[in-house]
Amino acid sequence: MKAIGTSVPGLVLYEDFVTKQEEAALIQAVNEQDWSGIGIGPNPELKRRTQQYGHLFSYRFRKVLEEYGPLPSFVDDLVVRIMNHQLMPHRPNHLLVNEYNQGQGIMPHTDAPALFGPSILSLSLLTPCLMKFIHVETKEETDIYLPARSLITMTGDARYLYKHGISKDLEEVAPDGTHFERGKRISFTFREIIAWEVPSDQACGCQKS
Ligand SMILES: O=C(O)CCC(=O)C(=O)O
Ligand SMILES: [Fe+2]
């Protein structure tokens, strides 16, 4: 596992955060569970399939609806690794699994500052993609290449001063100039839920599409 700084302040990429064997086991574990989204509750309006563990966040109501309990045992080793490397100040109490098939992405957003803690982690599995970081004030855009099995940590500016999103493009260009085809990508986002609801006078930053 190698930590690589990026040109986005507060964004660090850890290559090979999991092995290929671990990747295969994680994919098998989630494929044995039920997915929500694309018409299926509890978040039927989502245009991609998701799973949530620890807590249930409702995209429609923009709040946490339920505490499920501890994160599933298939991420035990990952949580130990996250805490050993001090990547989060507290243990994650929410795991969001996102599945992106070809032609699916996520609109640029900032994860709700009122709901989620100061460190957001995302593990990329199966295929690479570019994640676009857009500075909310200068609108400056930076594409960050996320290899399969890498983990990003978003803290500070990357967490609060930038939006992040993933295109629906079928092909993208890696930093070395090579074109690559986007394939199925499954990500594990680890967060700490710090409040169940966004105060009504604040923007949510919760991303449905
Ligand atoms: O797929 C990812 O790596 C990021 C997902 C994300 O930004 C989110 O669900 O808030
Ligand atoms: Fe996000």
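Residues numbered from 1 in each chain as written. Chains lettered and ligands numbered in written order. Predicted model: local features only at pLDDT ≥ 70, side-chain atom pairs only at ≥ 80, totals over all residues.

By the naming in an unreviewed UniProt entry, the protein goes by Fe2OG dioxygenase domain-containing protein and is assigned to Hesseltinella vesiculosa.

1. Things to note about the overall build of the protein
Assigned secondary structure in the protein consists of three helices and 15 strands. Against the compact-globule benchmark of 17 Å for 209 residues, the protein has a radius of gyration of 16 Å, which places it among compact chains. Projected onto its principal axes, the C-alpha positions of the protein cover 45 × 40 × 35 Å. Among the 209 residues that make up the protein, the fraction classed as buried is 34%. The contacts of the protein with a sequence gap of at least 6 include a subset with a gap of at least 24, amounting to 69%. (Helix = DSSP H or I, 4+ residues; strand = E, 2+ residues; numbered from the N terminus. Rg over C-alpha atoms; globule rule 2.2 N^0.38 Å. Buried ≥ 20, exposed ≤ 12 C-beta atoms within 10 Å, placed from the backbone. Contact = placed C-beta atoms within 7 Å.)

2. As for the site of ligand 1
Around ligand 1, a shell composed of nine residues is seen, among which Asn98, Asp111, Ser122, Ser187 and Thr189 lie nearest. Here the residues of the shell around ligand 1 sort into two nonpolar, six polar and one charged. (Near = placed C-beta within 6 Å. Nonpolar A, V, L, I, M, F, W, Y, C, P; charged D, E, K, R; others polar.)

3. Here we look at the sheet that holds strand β10 (residues 141-146)
The strand order β7-β12-β9-β10 describes an open sheet built from four strands, whose pairing is antiparallel. At either end of the open sheet lies a strand with only one pairing partner, and these are β7 (106-109) and β10. Going across the sheet, the axis of each strand differs from the next one's by a mean of 20 degrees, ignoring polarity. Bridge count for strand β9 (residues 129-135) against strand β12 (residues 162-166) is four bridges, and the pairing is antiparallel. Looking across to β12, one finds that Lys132 is bridged to Gly165. (Pairing = 2+ DSSP bridges. Axes fitted to C-alpha atoms, helices over the stretch in contact; angles between N-to-C directions.)

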